[in-house]
Amino acid sequence: MTGSAAKGAADTEGQEEPVADLVPAEKRLVRRAGWLLSISDLLWIGQAALLSLVISEFVAGRPQAGLLTLVAPAAVGFIALAGVRQWLGLRAASAARSAARAVKTRVRTTLLNAIAHSSPAASLPSSGHVAAMLGEQVDALGPYLGNFYPQQFRLKIVPLGILAATLCVSWLAAVILMVAGPVIPLFMALIGIRAKAASQGQQEELTRMSGFLLDRVRGLETLRLFGALGRTEAEIGRVGEAFRTGTMRVLKIAFLSSTVLELFSALGIAFVAVYVGFSLLGSVTAGTWGAPLTFGGGFFVLLLAPEFFAPLRAYAAAYHDRAAGLAAKEKLQELYSGIVAQGLQSGPPEGSAKADEKPSAPAPRQTHAPEIKLDHVSVTFGGKSIIRDFSLEIPSGETAILTGPSGAGKTTLLDCLLGLHRPDSGRIFIDGKDLLTLDLGRWRQEICWIGQHPRLFHGSLRANLLRADPDASTEDMMLAVRLAGAAALVESLPRGLETIIGEDGFGLSVGEKRRIALARAALRKTAGLILADEPTAGLDDQTAIDVIAGLKKMAAGRTLILATHDPKLMSVPGTRIELDAAHLSEASA
Amino acid sequence: MSPLRRIVVWQWRHSPAAFLSGIVIALIPALAGIALLGVAGWFITAAALAGLGLFALNVFMPSALIRALAIARTAGRYGERILTHDATFRFLTNLRKRIFQGQAARIGDGTRPARSGAALNRLTSDIQALDAVYLRLIVPAVLCLVTGLLVIAWVLKLAPVAGLGIAGFVVWGAAFCGYLLKNRHVEAARRQEAAHEAMRLRSVDLVAGRRDLAVYGGLEQSAHAILKAEERLAAAGEEIEARTARFLSLHGFAGQFFLAVTLVLVSALMIRGNLAPVWGVTLILVATALPEVLGALVPGLANLQRTRLAARRAADGAHESDNAGGAEVASIDRKTVTDPVLSFRSVTFAYPGAETPVLSDFSFDIAKGETLALTGRSGCGKSTVSAIASRLLNPQGGSVTLCGQDLQTIPEEELRSTITVLGQKPYLFNDTVAANLRIAMPAATDDELWAALDMAALGARIRGSESGLETVLGEGGLGLSGGEQRRLGLARAYLTRPVLFILDEMTEGLDEKTAKDVLDRFEEFRGDASVLMIAHKRMEIDRADRVLGLRDAEKSLAAE
């Protein structure tokens, strides 16, 4: 079992550090949990001895044995041992929990750091996938480390201990256990291999079926509009029924493997009982070390037998955790390697900003419109030359309008100014200072940026706006909202600025999002540079006119770079720069 | 009735026979397990006494019984698992259907809430969690009850005083369960779920919104916020797991404590000669086996709060009665389509919680074959008009008639075949192209589907794909561009023959050329059907026979 686990770890060797492996401190905790659990189990030997001691007195026909001299002390001793065992069990559980918690937190921190330090323009797997990884998949590591590992440890110690205790009384009983015990893993493995393949398939089937139901519920409106509700209902029933049949097929195999386990453990106990019985009758005389088996010895052996099999059963029950944990480990490693392969930004992108600091507010100073200069900039992206040898100078407070067909590199150019892409050659100067030497985190705080697909975050509208300026007052916000032509929109929301928007919140249309994003940008009063990427796309004429008016107002006293192909925006005064795909990247075309 | 009890009742009603037989079969291994240890104890004691010549023993009967019980326990356990799981999965399949029905009923009830993806996601995992109701709660609970009572009855008959120890354990177990059933631990489960949800939402935001975060709010701060949620998640999880561990060890200790009590009582009886040693030993071994049976309920109880939350949401989301949706009869006669096709009379509508109504005293008519364009700035209620006309929303005042009939009285099937809605973004199912098209016309032949695709200028694209009509769309399947998705929506609409088309910003987000193409193709197949067009593009408005401006009540505050 450990062999394949080690192999799983070895597969990922040679890349970067494995994300989901135990560090020594956690390993110690897990091992400690295993030891405590094992000791707690082995104390049953003492309890069983006490029980047999008392009972054998009666069976041996010595009822004169005192209630107070023998039974009561034995009962007290038995209870005391029980107390110690439960206490050890609690300590073991607590150690295992700490280890699991530490691993989960560490894995999440590692992954989040990698995400936070990869370029915001890098392509990552879908957000839903990453969220599931950080959530459920990391959670799956918990039972694997906190339950399976200690159980595996226990399996190595406890049966041997019980066997040794049994051996002291009767070697034949020990042989019965020894035969029944190891046979179990063999049979379970035979059945388990088939079950594993089948259950993996079934797990995927479950995901598919849940997805099917979810998809149909999401598309309910469409189904209703086409009068297809009844038909879909029948289909859901059919898919569910097929899934049930498949699940039962898998479970039958899985149950068979646990049935084998139980059959052998029950037979093992039964054979020990029968052997003890016939020994006591005198029909069997072999099996002991000289003296014939006493009742006390026989009873003791019978009490120990179930405990010999108990760790095996617990291990089998925890085996499922192992499969889930190993699969999760593999997926997490894959995700981590994928993120790291994109290249982490050297040094923290937020400069000196500490994680616990409040989002660094722009320094409280006068708006300063920077002068922007691009000096022979070339950018290659994904092996394609996007921008070639491009130079541009925008004096402080001026407006540049970048036009040109899509794919001409407008967005890439803005990304470069944000520091999301690094030019392959050429340099970008802000007020004469090379962009590469600036603290990018701080630089981005000094920009009003309106992206092409602005994203609003889960939380209230107010919280979203506060991201631009943590110190903004409600009045500031309403001013910015009005500037963005979104006043009517905010008033129509169920709870105004307090309405929860974003993921899992009130659904806003594309145009509505864009206007809120504009308001967010407008709230950054001290920022001297505006970068706007297609700010009117997807807006109706009237709203677009409002937005343009707002943008013009914002541009006063600021440097503005506008990427667009909307003719309405041409009314904004400024230098027009035609980005021609052919001109910029003729070589690649 | 509590949601959990509702789920139990639903499962009972779904199939009482399966419900009962699972429990009855489950009794076999439980009782066989106890009997196995009891008989073994009796046998070795009797053997010991017989060995001393104190007892006459027929050795073959008990040793055969021991083996038989061992097999009965194993086989019974297998049978029980198969039966109870099958019964549960049958019920869950049924529950999925009911939840779909429940959700479907909800979109027509006039509220149309902003449905959240997270709530839906949770719903499917809730259904999975509900297998615990029967498997981990009902079956073990009945087992505990029946086994406990049988053992107590047997012990009372054998030696009433010794029964006190075992009875004490059973009573203690019942009190313990009662304590666990109390509602006081629901808080941690709720906190855990909220933290999990917060972590998910923030992770999605971090990954999908990295550009925005880089400028507004900072990536590290966001990563830090996720770790804050993870901290709360871990703390709540720790609390729940620690409590479960305490329950388990408390239960384990109680089992051993009462075993010691039984030992003392049995010893006292044996000293007085009131109990034969054979039965004394049997009693003690039965007492060692009992905690395992009663312990089967502990995991279910420890997870009770999670199950309760799941039951509440699933019961709320599901349809009350098992088989909803009776047959509906069609009634509008197509031949006699009367003027006006659609008529709004003094319609008033306000969204729940909104201060001002979106529509008030709003009236218009659409004549046969007419194209009416409805214009106005976004947020003025154009889409509300479309939703009311297609009966996805019900107006609070006024009346809407379709072909002279009150919209409210038209049977669903009939209404859907009379109106076709082409929206901003057609919902495409994560299914084959054919399945997506047949939503509009289940009986359509492949030829008809190809004709529809050709009509929408998608035929070549789909033919180019290896599996043709069987190509799967969506995640992991064929990715269609925005324009292609819109055209697939057109193909779907082409398969219907409605009296009225409602176009709800059909060309939104398409570039001019694609938009013109989509509109041209629509014009080609719409025939003499009337059209209600929600529009803001010049190009769309120009095609209308008549334009109706929807006055926005609010003043434009933006320019000033």
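The rules behind each value
Residues numbered from 1 in each chain as written. Chains lettered and ligands numbered in written order. Predicted model: local features only at pLDDT ≥ 70, side-chain atom pairs only at ≥ 80, totals over all residues. Heavy atoms only, no water. Helix = DSSP H or I, 4+ residues; strand = E, 2+ residues; numbered from the N terminus. Buried < 20%, exposed > 50% of the residue type's maximum accessible area, 1.4 Å probe, protein only. Contact = heavy atoms within 4.5 Å. Areas by Shrake-Rupley, 256 points an atom, 1.4 Å probe, with all protein chains shown as cover. Phe/Tyr/Trp six-rings, centres within 6.5 Å; stacked < 30°, edge-to-face > 60°. Lys NZ or Arg CZ within 6 Å of the ring centre and 35° of its normal. Buried area = accessible area lost by both parts, 1.4 Å probe. Salt bridge = Lys/Arg side-chain N within 4 Å of Asp/Glu carboxyl O. Polar contact = N/O pair within 3.5 Å; in protein donor to acceptor, adjacent residues only side chain to side chain. Pairing = 2+ DSSP bridges. Axes fitted to C-alpha atoms, helices over the stretch in contact; angles between N-to-C directions. UniProt positions renumbered as here; feature names shortened; annotations may be inferred. Parallel < 35°, antiparallel > 145°, perpendicular 65-115°, else oblique. Nonpolar A, V, L, I, M, F, W, Y, C, P; charged D, E, K, R; others polar. Patch = residues over 30% accessible without salt bridge, like charges linked within 9 Å, V, L, I, M, F, W, Y side chains within 5 Å. pLDDT = per-residue confidence, 0-100.

Helices and strands together make up the secondary structure of chain A, namely 16 helices and 11 strands. Within chain A, buried positions represent 53% of all 589 residues. Taking contacts inside chain A between residues at least 6 apart in sequence as the whole, the part at least 24 apart equals 81%. Of the roughly 24,600 Å² of accessible surface on chain A, a fraction of 60% belongs to carbon and sulfur atoms.

On to the packing of aromatic side chains. Per the counting criterion, the structure on display carries 23 aromatic pairs over all chains. With a centroid separation of 6.3 Å and 75° between ring planes, the pair formed by Trp44 of chain A and Phe78 of chain A is classed as edge-to-face. Linking Trp44 of chain A in helix H2 (residues 24-59) with Phe78 of chain A in helix H3 (residues 67-117), this pair joins segments that are 34 residues apart in sequence. The pair formed by Trp44 of chain A and Phe78 of chain A is uniform in burial state, with each residue classed as buried. With a centroid separation of 5.2 Å and an interplanar angle of 80°, the aromatic rings of Tyr494 of chain B and Phe525 of chain B are classed as edge-to-face. Of this pair, Tyr494 of chain B sits in helix H18 (residues 482-494) while Phe525 of chain B is found in helix H19 (residues 512-526), placing the two residues 31 residues apart along the sequence. Among the aromatic side chains, those forming a connected cluster through ring pairs are Tyr144, Phe148, Tyr149 and Tyr315 of chain A. Above the ring of Trp10 of chain B, the side-chain terminus of Arg98 of chain B is found at 4.0 Å from the ring centroid. When the ring centre of Tyr494 of chain B is taken as origin, the NZ or CZ atom of Arg497 of chain B, which lies over that ring, is 5.6 Å away.

At the junction of the two partners, chain A supplies 145 residues and chain B supplies 135 residues. Of the roughly 13,000 Å² buried between chain A and chain B on both sides combined, carbon and sulfur atoms contribute 67%. On the surface where chain A and chain B come into contact, there are 13 salt bridges. On inspection of chain A and its partner chain B, the count reaches 26 residue pairs in polar contact (both at pLDDT 80 or more). The greatest single-element share of the side of chain A that touches chain B, amounting to 30 residues, is contributed by helix H7 (residues 229-281) of chain A.

Residues and elements named next belong to chain A. Taken together, 5 strands build an open sheet; the order of strands is E6-E9-E10-E3-E11 and the sheet is parallel. Each of the sheet's edge strands pairs with one partner strand only, and the pair in question is strand E6 (447-450) and strand E11 (575-578). Strand-to-strand twist of the sheet, defined as the mean angle between neighbouring strand axes without regard to direction, takes the value 15°. This element, helix H9 (residues 410-418), spans strand E3 (399-403), E6, strand E9 (529-533) and strand E10 (559-563) of the sheet and lies at about 150° to E9.

Before going further, it helps to examine the UniProt feature "transmembrane region" (unreviewed entry) in chain B. Residue and element names in this part refer to chain B. Taking the numbering used here, the UniProt-annotated feature "transmembrane region" (unreviewed entry) corresponds to residues 42-61, 133-156, 162-181, 253-272 and 278-304. With 100% helix and 0% strand, residues 133-156 has end C-alpha atoms that lie 33 Å from one another. When the span residues 162-181 is considered, its composition is 95% helix and 0% strand, and the gap between its end C-alpha atoms is 30 Å.

Take the side chain of Thr564 of chain A next. Tracing the chain through its elements places Thr564 of chain A in the loop between E10 and E11. On the basis of relative accessible area, Thr564 of chain A is assigned to the buried category, the value being 0%.

This paragraph deals with the packing of helix H6 (residues 163-181) of chain B against helix H10 (residues 277-295) of chain B. Residue and element names in this part refer to chain B. At a closest axis distance of 11 Å, the pairing of H6 and H10 adopts a crossing angle of 5°. Regarding the angle of H6 to H10, the classification is roughly parallel. Packed against H6, whose contacting residues are Ile166, Phe169 and Val170, the element H10 presents Leu283, Ala287, Leu290, Pro291 and Leu294 at the interface. A per-class count over the contact of H6 with H10 returns 8 nonpolar, no polar and no charged.

The next thing to look at is a nonpolar patch on the surface. On the surface, Leu167, Trp171, Val175, Val179 and Trp289 of chain A cluster together into a nonpolar patch covering about 470 Å² of accessible area. When residues of the nonpolar patch are assigned to their parent elements, the largest contribution, 3 residues, is made by helix H5 (residues 171-218) of chain A.

Bringing the confidence of the model for chain A into the picture now. Residues and elements named next belong to chain A. In the predicted model, chain A carries a mean pLDDT of 81, and the fraction of residues at 70 or more is 86%. Low pLDDT (under 50) marks residues 346-364, which in the prediction has 38 contacts with non-local residues, meaning those over four places away or in another chain. A low-confidence stretch, residues 582-589 stays under pLDDT 50, and its non-local contacts, those more than four residues away or across chains, total 13 contacts.

Within a regular strand, the side chains alternate between the two sheet faces. Residues and elements named next belong to chain A. Judged by how many residues are buried, E3 sits mostly within the fold: 5 of 5 residues are covered. On E3, burial covers both faces: Thr399, Ile401 and Thr403 on one face and Ala400 and Leu402 on the other are all buried. Here E3 runs beside E10; their pairing, made up of 4 bridges, is parallel. The residue of E10 that forms the bridge with Leu402 is Ala563. Where E3 lies against E11, 4 bridges are found, and the strand directions are parallel. Bridged to Thr403 within E11 is Glu578.

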